[in-house]
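Now for the letters of each chain:
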Amino acid sequence: MRFSPGLSASLAVLLSVLLPACEWMPGRPRKADEVVAPTAVMDFSKLFTQNCVGCHGAGGNISGSFALDDPTYLAVVPEEKLRAVITGGVPGSLMPPFSIAHGGMLTDDQITVLVQGISAWKPPAANSSALPPYSAPPGQAAAGAQVYETYLASLRKMAGDAMFADGFLANRAFLGLTSDQYLRTLILIGRPELGIPNFERAIPGQPLSNEQIADMVAWLISQRKNEFGQPLVPVPQ
Ligand code: HEC
């Protein structure tokens, strides 16, 4: 079938008037259905849910690693440490690097959104001056063995024996998968969602001192035997 030029022109005009009216047609994607490029997501709760919740939990959910909204953690951790860990991960552990430069999927701006969003959970009253420092060199392993025994005995009383049957922090497989700093972090903040209090309340009436924490970390490190054959990667502190 042939169209005269005049008819084609009028058809074109007619279509240009009618086509926008097809917005309502079934199957046509709406604005909300448009796919956003993963690197364009700048919403904190989306980024946190997509990348962190699986391992760190959220809103009291129990997960494999500690809760990032833990008030003791937020009171002690320096913001630049948050950024460094999210960017580069923790080598030799299960914490993956997230920056594109380190093989992850997030841009520097998205990492800034995560750092700021996590820091904004810090309770306003948090006063870090009374708290032990976030990081410190390991102390004396021999002294740490005793402190750890007292610490564990106290936790057993509070949370029940079953929970610690595998040795808790001294579990050999666990020690093989964690950094020195993470051992310190866990003693500092506990795992309140599992009934394990922070350094202040783990032994009732006797807050753990900075020295005791450093000694326990030294003893735990001395229990690491590399028996599972994983490479021992020096972990930057
Ligand atoms: C595959 C599981 C996994 C995922 C996903 C994950 N983490 Fe981790 N994260 C861990 C583990 C395990 C550690 C402890 C590593 C170690 O031994 O130091 C950790 C450690 C951390 C630490 C440092 C803890 C310390 O000692 O101060 C921060 C901060 C952190 N993660 C933030 C995040 C954020 C933010 C996300 C999401 C962008 C995330 N993690 C995603 C498993 C994970």
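Going by the structure above, here's the rest.
What you see is a predicted model; the values in this text were computed from it and never measured.

Quick notes on the rules
In this convention, every chain numbers its residues from 1, walking through the sequence in written order. The model is predicted, so local features are restricted to residues of pLDDT at least 70 and side-chain atom pairs to those at 80 or more, both for listing and for counting; the totals for chains, interfaces and linings are taken over all residues. For the side-chain quantities, the full set of heavy atoms in the structure was used; hydrogens and water were omitted. Each helix is a run of H or I in the DSSP string that is no shorter than four residues. Each strand is a run of E no shorter than two, and both are numbered from the N terminus. Any two residues whose heavy atoms approach within 4.5 Å at even a single point are treated as in contact. Surface accessibility follows the Shrake-Rupley procedure with a 1.4 Å probe radius. Residue values consider only the protein chains on display as shielding. A single heavy atom is enough: if one lies within 4 Å of a molecule or strand, its residue is considered near that molecule or strand. In the analysis that follows, any N or O atom pair within 3.5 Å is treated as a polar contact, provided that within protein one partner can donate a hydrogen and the other can accept it, and provided that, for residues neighboring in sequence, both atoms belong to side chains. Residue polarity is assigned by list, with Asp, Glu, Lys and Arg as charged and Ala, Val, Leu, Ile, Met, Phe, Trp, Tyr, Cys and Pro as nonpolar; anything else, Gly included, falls into the polar class. Coordinating donors are taken as N, O and S atoms within 2.8 Å of the metal, stretched to 3.2 Å for Na, K and Ca; because water is absent from the atoms, sites can appear incomplete. Just to be clear on the cut-offs, tetrahedral is four donors with all angles between 85 and 135 degrees, square planar is four donors and octahedral six with opposite donors over 155 degrees apart and all others between 65 and 115, and anything else goes down as irregular. Each residue gets one of three labels from its accessible area relative to the maximum for its type: buried under 20%, exposed over 50%, partly exposed in between, using a 1.4 Å probe on protein chains only. Criterion for a salt bridge: a side-chain nitrogen of Lys or Arg within 4 Å of a carboxyl oxygen of Asp or Glu. A pair of Phe, Tyr and Trp rings is counted when the ring centres sit within 6.5 Å of each other, with Trp represented by its six-membered ring. The angle between the planes then sorts it: under 30 degrees is stacked, over 60 is edge-to-face, the rest tilted.

Some words on the overall build of the protein
Helix and strand content of the protein: 10 helices and zero strands. Mapped from its N terminus to its C terminus, the protein presents α and β elements in the order α-α-α-α-α-α-α-α-α-α. Contacts in the protein between residues far apart in sequence, at least 24 positions, make up 69% of those at least 6 positions apart. Counting every atom, the protein has about 14,000 Å² of accessible surface; 61% of that belongs to carbon and sulfur.

Some points on the site of the ligand
With respect to spatial proximity, 25 residues lie near the ligand, and among them C52, C55, H56, M95 and Y134 are the closest. In the model, an oxygen atom of the ligand is placed 2.6 Å from a nitrogen or oxygen of the Y73 side chain. S179 is positioned with one of its side-chain polar atoms (N or O) 2.6 Å from an oxygen atom of the ligand. Of all the secondary-structure elements, those providing two or more residues to the shell around the ligand are α3 (53-56), α5 (79-88), α6 (108-119) and α9 (180-189). In terms of residue class, the shell around the ligand is made up of 17 nonpolar, eight polar and no charged.

Describing the coordination of the iron atom of the ligand
Those protein atoms acting as donors to the iron atom of the ligand are H56 (NE2) and M95 (SD), and they sit at 2.0 to 2.2 Å. Around the iron atom of the ligand sit six donor atoms, and with donor-metal-donor angles ranging over 87 to 179° the site reads as octahedral. With H56 in helix α3 and M95 in the loop between α5 and α6, the pair connects residues that are 39 residues apart, well separated along the chain. Judged by relative accessible area, H56 falls into the buried class, the value being 10%.

Brief notes about the environment of V41
Counting through the fold element by element, V41 comes out in the loop between α1 (5-18) and α2 (44-51). Of the residues examined, V41 reaches a relative accessible area of 10% and is grouped as buried. Along the sequence, V41 and L106 sit 65 residues apart, while their C-alpha atoms lie 9.3 Å from each other. The contact partners of V41, leaving out residues within four places of it in the chain, are V36, K46, L47 and Q110.

A few points about the pattern of salt bridges
A side chain with one charge can pair with a side chain of the opposite charge if their charged atoms come near. Summed over all chains, the structure comprises five salt bridges. Two residues, K31 and E34, come together in a salt bridge whose shortest N-O distance is 3.6 Å.

A closer look at the environment of K46
Inspection of the secondary structure assignment puts K46 in helix α2. The sequence separation of K46 and L114 amounts to 68 residues, and the corresponding C-alpha distance is 9.9 Å.

Observations regarding the packing of aromatic side chains
Summed over the entire model, instances satisfying the criterion amount to 10 aromatic pairs. Both rings, one in Y73 and one in Y134, keep their centres 6.4 Å apart while their planes meet at 70°; by these two values the pair is edge-to-face. Of the two residues, Y73 is situated in helix α4 (residues 71-76) and Y134 in the loop between α6 and α7 (141-159); the sequence distance between them amounts to 61 residues. For the pair Y73 and Y134, one class covers both residues: buried. Between the aromatic rings of F174 and Y182, the centroid separation amounts to 6.5 Å while the plane-to-plane angle is 45°, which identifies the pairing as tilted. Its relative accessible area of 24% is what places F174 among the partly exposed residues. Judged by relative accessible area, which is 17%, Y182 ranks as buried.

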